[in-house]
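What follows is the residue order along each chain.
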Amino acid sequence: PLFYKGRFYVLNSDRRVMVCVEPATGNIVWRGELPGRTKYEASPTAGDGKIYLMNMAGDVVVLGTGDAFEVLHTASMGD
């Protein structure tokens, strides 16, 4: 999992789902399905108020860190 700006971001790579959790309460803030059909195995990383993920096909997904699941951008980096 990733801890960023007071929240945990947990990746379920088998289902391609990202979950944002409030650590003090354990409540789920949001849950969202990541785009594509390829598995995400690399650890998520964060910076500049965004979360970055890359799947096994080299596709990069940029997520927002707000109170709702939001895909800000996707880009294919290739194999």
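Below you will find a few notes about this structure. Everything numeric here is computed off the predicted structure, so don't read it as measured data.

On to the sheet that holds strand β8 (residues 71-76), then. Strand order in the open sheet formed by 4 strands is β5-β6-β7-β8, with antiparallel pairing between adjacent strands. The open sheet has two edge strands with one neighbour each: β5 (45-47) and β8. Along the sheet, successive strands turn relative to each other by an average axial angle of 20 degrees, direction set aside. Sheet topology note: the strand β7 (residues 59-64)/β8 ladder contains 5 bridges and is antiparallel. Bridged to Val60 within β8 is Ala75.

Right, let's talk about the pattern of salt bridges for a bit. A complete count under the given rule lists 6 salt bridges for this structure. The shortest N-O distance in the salt bridge between Glu33 and Arg16 comes to 3.7 Å. Residue Glu33 is located in strand β4 (residues 28-33), and its partner Arg16 is located in the loop between β2 (7-12) and β3 (17-21); the two are separated by 17 residues in the primary sequence. Judged by its relative accessible area of 53%, Glu33 falls in the exposed class. A relative accessible area of 18% means that Arg16 is categorised as buried. A network of salt bridges, in which partner residues are shared, links Arg7, Glu22 and Asp67.

Here we take up the nonpolar core. Within the largest apolar cluster, 12 residues are counted, these being Leu2, Tyr4, Tyr9, Met18, Cys20, Trp30, Leu34, Tyr40, Ile51, Leu53, Val61 and Leu63. Val61 has contacts with Pro35, Tyr40, Ile51, Tyr52, Leu53, Val71, His73 and Thr74, leaving out every residue within four places of it along the chain.

Below, the discussion takes up the packing of aromatic side chains. A ring pair, where both rings are aromatic, is described by two values, the distance of the centres and the angle of the planes. As enumerated under the stated definition, the model contains 3 aromatic pairs in all. Taking the centre distance of 5.9 Å and the plane angle of 45 degrees together, the rings of Tyr9 and Trp30 count as tilted. Of this pair, Tyr9 sits in strand β2 while Trp30 sits in strand β4; the two residues are 21 residues apart in sequence, bridging distant segments of the chain. Using a relative accessible area of 1% as the deciding quantity, one classes Tyr9 as buried.

Bridge count for β3 against β4 is 5 bridges, and the pairing is antiparallel. Among the inter-strand pairings, Val21 is bridged to a residue of β4, identified as Ile28. What sits between β3 and β4 in their antiparallel hairpin is a turn of 6 residues, with Gly26 showing a positive phi close to 80 degrees.

This brings us to the environment of Leu53. By the element assignment, Leu53 lies in strand β6 (residues 50-54). For the pair Leu53 and Asp67, spaced 14 residues apart in sequence, the C-alpha to C-alpha distance is 18 Å. Setting aside residues no more than four positions away along its own chain, Leu53 makes contact with Leu11, Met18, Leu34, Tyr40, Pro44, Asp59, Val60, Val61 and Leu63.

Rules used throughout
Residues numbered from 1 in each chain as written. Predicted model: local features only at pLDDT ≥ 70, side-chain atom pairs only at ≥ 80, totals over all residues. Heavy atoms only, no water. Pairing = 2+ DSSP bridges. Helix = DSSP H or I, 4+ residues; strand = E, 2+ residues; numbered from the N terminus. Axes fitted to C-alpha atoms, helices over the stretch in contact; angles between N-to-C directions. Salt bridge = Lys/Arg side-chain N within 4 Å of Asp/Glu carboxyl O. Buried < 20%, exposed > 50% of the residue type's maximum accessible area, 1.4 Å probe, protein only. Core = buried A, V, L, I, M, F, W, Y, C linked by side-chain atoms within 4.5 Å. Contact = heavy atoms within 4.5 Å. Phe/Tyr/Trp six-rings, centres within 6.5 Å; stacked < 30°, edge-to-face > 60°.

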